[in-house]
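# Structural overview for review
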Amino acid sequence: MMSAIDGSGAPAPWSTEPATAVLVLADGTVLEGKGFGATGAVEAEVCFNTALTGYQEILTDPSYAGQIVTFTFPHIGNVGANDEDIEDLTPARRAGAVGAVFKASITEPSNYRSTGHLDAWLKARGIIGLSGIDTRALTAHIRAYGVPNAVIAHEPSGEFDIEALKARAAGWSGLVGLDLAKEVTSGQSASWSETPWVWDEGYGAAGEPTMHIVAIDYGVKRNILRLLSGLGAKVTVMPASSTAEEVLAHEPDGIFLSNGPGDPAATGEYAVPVIGKLIETGIPLFGICLGHQMLALALGGKTVKMHQGHHGANHPVKDHTTGKVEIVSMNHGFAVDGDSLPGGVTETHVSLFDGSNCGIAVDGKPVFSVQHHPEASPGPQDSHYLFKRFANLIRARRGEPALAER
């Protein structure tokens, strides 16, 4: 905790300021620190993210709905906040992380792209923050015992009913069995035409389209849509609850299954039958993250809850189709059980951290998916080729020559 200041302006090391934020784990562990961002209290799952940069993209990724992100890098907020580095489609809906835990307090921004202080941005987003704790110890706790359910609370007065917060944390049911895609998906179909960011130019606009891709939005990230648009595609974004008939009514050349939060088995209750029908059409299909997991379910595989999940921008993944290793971004707490994949489904990618499944393809059909986030730039662009692989499946179906993947 921070020392108080005496009348002379010097620190008074024998006194401390009261904690203005707490993180209360379901096992009764209480971590106290300095609050920032929004006030209030919320239940969520606590994970850790090992990325050194990209905190705005992380906190606005709809896949983090229902989660509190602990950043292992100690200095978060140094580059401020801006309106370009967000990933959810509708910022007013605040789809993304509900809490953030930092080691150090947020400093003044120091970056030419900054348009404001991270603390003010977090308040506007409704994200509750806690700083001043040993994030290494919390990360070690998660690694040893798994991702805990918790309550994060921020109250400037420092007055907390700890026993009530412990009861809330212990009583929260967690993410297993929870369909969060319905909370973050688009409300209606819409077109997308923004293309990837270019240095000193910003985001571009798509020209005359050469193909039409329908993206089913389970919590899609903006940069995925930008890369699809950058392929020359007209992109139509559709809600998670869309039927196969509604998707096919758009006469797509390709179908994309997006990332998203929550338990894939829960969202799969309504999404998996739709995906099964779409596979049978022969239209090229590509899935990422939650879309990957639900594709596996539609093909007869199973998904499992992970001990600590994969969250970060430094994960090595091997592509068995090329023999190459990529450094990728990850954000998932559930995974496809590679041993459950049926005949006719090939494992294409695997994590070199723990051997978990990171990609599949259907033998003889233009259908594939990956667990990681190829639209991100940790490698910096090791996995962008997957979007061209998707485009090439569309081009092959139309009898057109393939693009170079790399």
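A brief look at the structure comes next. (Residues numbered from 1 in each chain as written. Predicted model: local features only at pLDDT ≥ 70, side-chain atom pairs only at ≥ 80, totals over all residues. Heavy atoms only, no water.)

### Quick word on helix H3 (residues 135–145)
- If you check which residues of H3 are buried, you get Thr135, Leu138, Thr139, His141 and Ile142. For H3, the buried positions fall inside an angular range of 155 degrees around the axis, keeping them on one side. Among the exposed residues of H3, those oriented more than 90 degrees off its buried face are Arg136 and Arg143.
- Two or three places before Arg136, at the opening of H3, Asp134 has a side-chain oxygen 3.0 Å from that residue's backbone nitrogen. (Buried < 20%, exposed > 50% of the residue type's maximum accessible area, 1.4 Å probe, protein only. Helix = DSSP H or I, 4+ residues; strand = E, 2+ residues; numbered from the N terminus. Arc of directions from axis to C-beta. Polar contact = N/O pair within 3.5 Å; in protein donor to acceptor, adjacent residues only side chain to side chain.)

### A short note on the pattern of salt bridges
- Evaluation of the coordinates by the stated rule reveals 18 salt bridges.
- The partner of Glu84 in a salt bridge is Arg113, and the shortest N-O contact between them spans 2.9 Å. In this pair, Glu84 is assigned in the loop between strand E6 (67–71) and strand E7 (99–101) and Arg113 in the loop between E7 and helix H2 (118–125), connecting sequence segments 29 residues apart.
- By relative accessible area, which is 30% here, Glu84 ends up partly exposed.
- One network of salt bridges, with partners in common, ties together Asp253, Arg395, Arg398 and Glu400. (Salt bridge = Lys/Arg side-chain N within 4 Å of Asp/Glu carboxyl O.)

### A look at the pairing of strand E14 (residues 233–239)
- Judged by how many residues are buried, E14 sits mostly within the fold: six of seven residues are covered.
- Of the pairings in the sheet, the one linking strand E10 (residues 190–192) to E14 comprises three bridges and is antiparallel in character. The residue bridging Ala190 from the neighbouring strand is Val237, located in E14.
- The pairing of strand E13 (residues 211–217) with E14 spans seven bridges and is classified as parallel. If you follow Asp217 over to E14, its bridge partner there is Pro239.
- Note on the crossover from E13 through helix H6 (residues 222–230) to E14: the handedness is right-handed. (Pairing = 2+ DSSP bridges. Right-handed = clockwise from strand over helix to strand, strands pointing away.)

### Describing the sheet that holds strand E19 (residues 345–351)
- In spatial order, the strands read E10-E14-E13-E15-E16-E21-E20-E19-E17-E18; together these ten strands make up an open sheet with mixed pairing. Looking at the sheet topology across the chains shown, the edges are occupied by E10 and strand E18 (324–336). Adjacent strand axes in the sheet meet at a mean angle of 25 degrees when their direction is disregarded. (Axes fitted to C-alpha atoms, helices over the stretch in contact; angles between N-to-C directions.)

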